[in-house]
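An overview of the molecular structure
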Amino acid sequence: MQCKICSNPVEKAFETEILQKYQEGFYKCQSCGFLGVDEAHWLSEAYTNAINASDTGIVARNLSLYKIVSLIAYNIFGFRSKNVIGGGAGTLVDFGGGTGLLVRLLRDVGIEAFWQDEYCQNIFARGFEWDCNTKPTLLTSFEVFEHLPNPMEQISAMFAVCPNILFSTELLPCPIPQYNGKDTWWYYGFEHGQHISFYTKQTLEYIAKQKGVFLSSYRGIHLFSQHKVNPVLFAALIRFTNKGAFWILKHFLQSKTLSDHQLLSTALR
């Protein structure tokens with residue numbers, strides 16, 4: 001069996017119970033550190049509901065992420081509410097956007113964001129589905145990478161859309177965390193069976209090198225970018241999000257809440 005990221009040989013790390021019914025092995029690559037399964041045959045059962053019931057942090061996560069994304073989009077990628085001299089306003093597509101909550105929050109701040117998700121119903125960002133003919137400045141993909149059954153293939157598809165990818169996933173600690181009993185690592189999610197791919201910093205560095213991009217990483221938030229980003233700036237934008245930085249940013253952006261309402265109301269008439 002080969003690693004799904006770098007194609008090097010893998011070794012069985014452990015076997016555990018998925019969905020309280022399947023005994024499955026997880027395999028770790030000794031080269032890039034990726035941990036994953038061979039074939040996740042249980043996914044149709046795991047995705048009876050696209051969002052698993054145990055994801056109680058979904059709202060809090062989005063309320064935090066939209067501030068981080070807004071700061072990074074503005075300060076690193078030059079997003080503005082309107083076109084500016086010498087450049088555009090910037091366009092963002094949220095890949096695997098779930099209910100559309102993040103897209104709606106971003107648009108409420110003033111970020112030109114659009115929704116994309118093959119498996120989940122768009123509830124909060126209706127009317128702002130991504131048109132694949134539109135080339136975004138930035139692609140976001142939060143809590144998606146760990147769900148990918150063929151990660152290198154699916155990440156490559158994201159790169160085909162945009163070379164700048166801001167995403168989140170918890171990095172696999174070393175040594176491999178506890179996989180059974182009361183101290184099982186919470187991020188495995190064996191009870192819902194949707195988390196099947198786990199990455200180390202080394203894994204992400206390998207992907208960046210293969211795609212010819214730069215990697216920035218801080219506290220579970222990661223960025224693949226065409227151009228090198230100052231790591232101090234990247235970390236600071238995340239660290240100081242709730243210490244005044246976001247509220248300062250709001251003075252420089254214009255909310256799309258009302259203009260979106262007018263646009264959609266006109267379309268419905």
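What counts, and at which threshold
- Residues numbered from 1 in each chain as written.
- Predicted model: local features only at pLDDT ≥ 70, side-chain atom pairs only at ≥ 80, totals over all residues.
- Heavy atoms only, no water.
- 1 Å grid on protein atoms, 1.4 Å probe; cavity = no way out; pocket = protein on both sides within 12 Å on 5 of 7 lines; lining within 4 Å.
- Points joined across faces, edges and corners; volume = space filled by probe spheres on them.
- Nonpolar A, V, L, I, M, F, W, Y, C, P; charged D, E, K, R; others polar.
- Salt bridge = Lys/Arg side-chain N within 4 Å of Asp/Glu carboxyl O.
- Helix = DSSP H or I, 4+ residues; strand = E, 2+ residues; numbered from the N terminus.
- Buried < 20%, exposed > 50% of the residue type's maximum accessible area, 1.4 Å probe, protein only.
- Lys, Arg positive; Asp, Glu negative; His and termini not counted.
- Polar contact = N/O pair within 3.5 Å; in protein donor to acceptor, adjacent residues only side chain to side chain.
- Contact = heavy atoms within 4.5 Å.
- Axes fitted to C-alpha atoms, helices over the stretch in contact; angles between N-to-C directions.
- Parallel < 35°, antiparallel > 145°, perpendicular 65-115°, else oblique.
- Left-handed = near helix turned anticlockwise from the far one by under 90°.
- Pairing = 2+ DSSP bridges.

**Structural notes on empty space enclosed by the protein**
Across all of its chains, the model carries one cavity of 30 Å³ or more by this definition. Here the largest cavity is characterised by a volume of approximately 30 Å³. Along the walls of the largest cavity sit Met1, Gln2, Cys3, Lys4, Val10, Tyr27, Phe34, Gly36 and Val37, which together make up its complete lining. The residue inventory of the lining of the largest cavity, partitioned by class, reads six nonpolar, two polar and one charged.

**Things to note about the pattern of salt bridges**
Tallying each qualifying case throughout the model produces nine salt bridges. Taking the shortest distance from any N to any O, the salt bridge between Glu112 and Arg107 comes out at 3.4 Å. Sharing partners across several salt bridges, the network here consists of Arg104, Arg107, Asp108, Glu112, Lys256 and Asp260.

**Focus on the side chain of Asp117**
By secondary structure assignment, the location of Asp117 is in the loop between β5 (113–116) and β6 (138–142). Buried charge Asp117 goes without a salt bridge, the closest partner of opposite sign being Arg61 at 11 Å. A distance of 2.8 Å separates a polar atom in the side chain of Asp117 from the backbone nitrogen of Gly98. Contact partners of Asp117, with chain neighbours within four places excluded, come to Gly96, Gly97 and Gly98.

**Comments concerning the packing of helix α2 (residues 58–75) against helix α7 (residues 241–249)**
Where α2 contacts α7, the axes come no closer than 10 Å and their chain directions differ by 55°. As judged from the angle between their axes, α2 and α7 are oblique. Like other packed secondary-structure pairs, α2 and α7 cross with a definite hand, here left-handed. Listed contacts from α7 to Tyr66, Lys67, Ile68, Ser70, Leu71 and Tyr74 of α2 are Thr241, Asn242, Ala245, Phe246, Trp247 and Leu249. Looking at the contact of α2 with α7 residue by residue, the classes come out as eight nonpolar, three polar and one charged.

**Concerning unusual backbone geometry**
A cis amide bond links Cys174 with the next residue in sequence, Pro175, at an omega value of 0°. Relative to the elements of secondary structure, Pro175 occurs in the loop between β7 (165–168) and β8 (197–198). One non-glycine residue, Gln20, adopts positive backbone phi at about 55°. On the basis of relative accessible area, Gln20 is assigned to the exposed category, the value being 53%.

**What to know about the sheet that holds strand β9 (residues 214–218)**
Pairing in this open sheet of six strands is mixed, and the strands run β5-β4-β6-β7-β10-β9 from one edge to the other. Taken across any chain shown, the strands that pair with only one partner, and hence form the sheet edges, are β5 and β9. Strand-to-strand twist across the sheet, computed as the mean angle between neighbouring axes with direction ignored, equals 20°. Note: β6 against β7, four bridges, orientation parallel. From the neighbouring strand, Leu139 faces β7, where its bridge partner is Ile165. Contacts from helix α3 (residues 101–109) reach β4 (92–95), β5 and β6 within the one sheet, and its direction differs from that of β5 by about 175°. Running over the sheet, helix α6 (residues 231–239) touches β7, β9 and β10 (221–225) and is turned about 35° from β9.

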